[in-house]
Amino acid sequence: MKNLVCFICLFLFGLWGGGFILFADKINAYEENYSLKADAIVALTGGRNRIAKAVEILNKNKADVLFVSGVDEFSSWESIKKKQNIKTSNNEKVVLGKKAKNTLENAKEALDWIHKNKITSIYLVTSNYHLARSVSEFRALDKDLIIIPFPVYSEKVQKKWWKSWRTFSLIFKEYNKFLCVCVRCYLNK
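Quick caveat: nothing in here was measured; it's all calculated off a predicted structure.

1. Quick word on the pairing of strand 2 (residues 65–69)
Right, on to step 1. A large share of strand 2 lies buried, amounting to five of its five residues.
Right, on to step 2. Of the two faces of strand 2, the one holding Val-65, Phe-67 and Ser-69 and the one holding Leu-66 and Val-68 are both buried throughout.
Right, on to step 3. Bridge analysis of strand 1 (residues 40–44) against strand 2 gives five bridges, and the strand direction is parallel. In the strand pairing of strand 2, Val-42 is matched with Phe-67.

Here it is as structure tokens:
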């Protein structure tokens, strides 16, 4: 019996470890794709340069409007632009969502706005390590929405994650959160 328990633990650890390596590889393989057009851009706050990258897509006319989810309730678009040194071609194309405090709430907040505005396709802009979980959260709530994942890479997150404790720790946490979302989505089917 003891050997069986050890075998099961080793098997599960190996499965988790293999998945972790695949996850770490995938998050560094996303490409910035400016070739497609979508109805809207959804940017999730919380990481460096996410809003700036979303504005870049907007300024390239790849979508008609930008929804920024998870904005501090006291922030305005003008204060965000000034703080992040962002220039937009049209300020009226930006909508701020101020209710979300985490990724699941980001998805709910954005999808409420998406459904209200009859949007069928989005660029989803967030950090590369956060993209898989974010897409999963959105897909769990709306399987018909067309999502174009758009990564934001940070110089602080090393591609050679095994050489940086900070990056390893970040990816480790994100992978486990991603697994929790996958399990939750599977159980809610």
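Read on, since the account is not over.
2. Re the environment of Ser-136
Right, on to step 1. Relative to the elements of secondary structure, Ser-136 occurs in helix 5 (residues 128–141).
Right, on to step 2. In this structure the C-alpha to C-alpha distance between Ser-136 and Phe-178, which are 42 residues apart in sequence, comes to 8.0 Å.
Right, on to step 3. For Ser-136, the residues in contact, after removing those within four places along its chain, are Phe-178, Val-181 and Cys-185.

Conventions we followed
Starting afresh in each chain, residues are numbered from 1 along the sequence in its written order. Where totals are concerned, whole chains, interfaces and linings use all residues; where local detail is concerned, this predicted model gives features only for residues with pLDDT of at least 70, and gives and counts side-chain atom pairs only at 80 or more. Note that the side-chain values use all heavy atoms of the structure and ignore hydrogens as well as water. Accessibility here uses a 1.4 Å probe with only protein chains present; expressed as a share of the type maximum, an area under 20% marks a residue as buried, one over 50% as exposed, and anything in between as partly exposed. To qualify as a helix, a DSSP run of H or I must reach at least 4 residues; to qualify as a strand, a run of E must reach at least 2; elements of each kind are numbered from the N terminus. Two strands are said to pair when DSSP picks up at least two bridges between them. Contact criterion: two residues are considered in contact whenever any of their non-hydrogen atoms come within 4.5 Å of each other.

Spatial relationships are all this shows, so hold off on functional conclusions.
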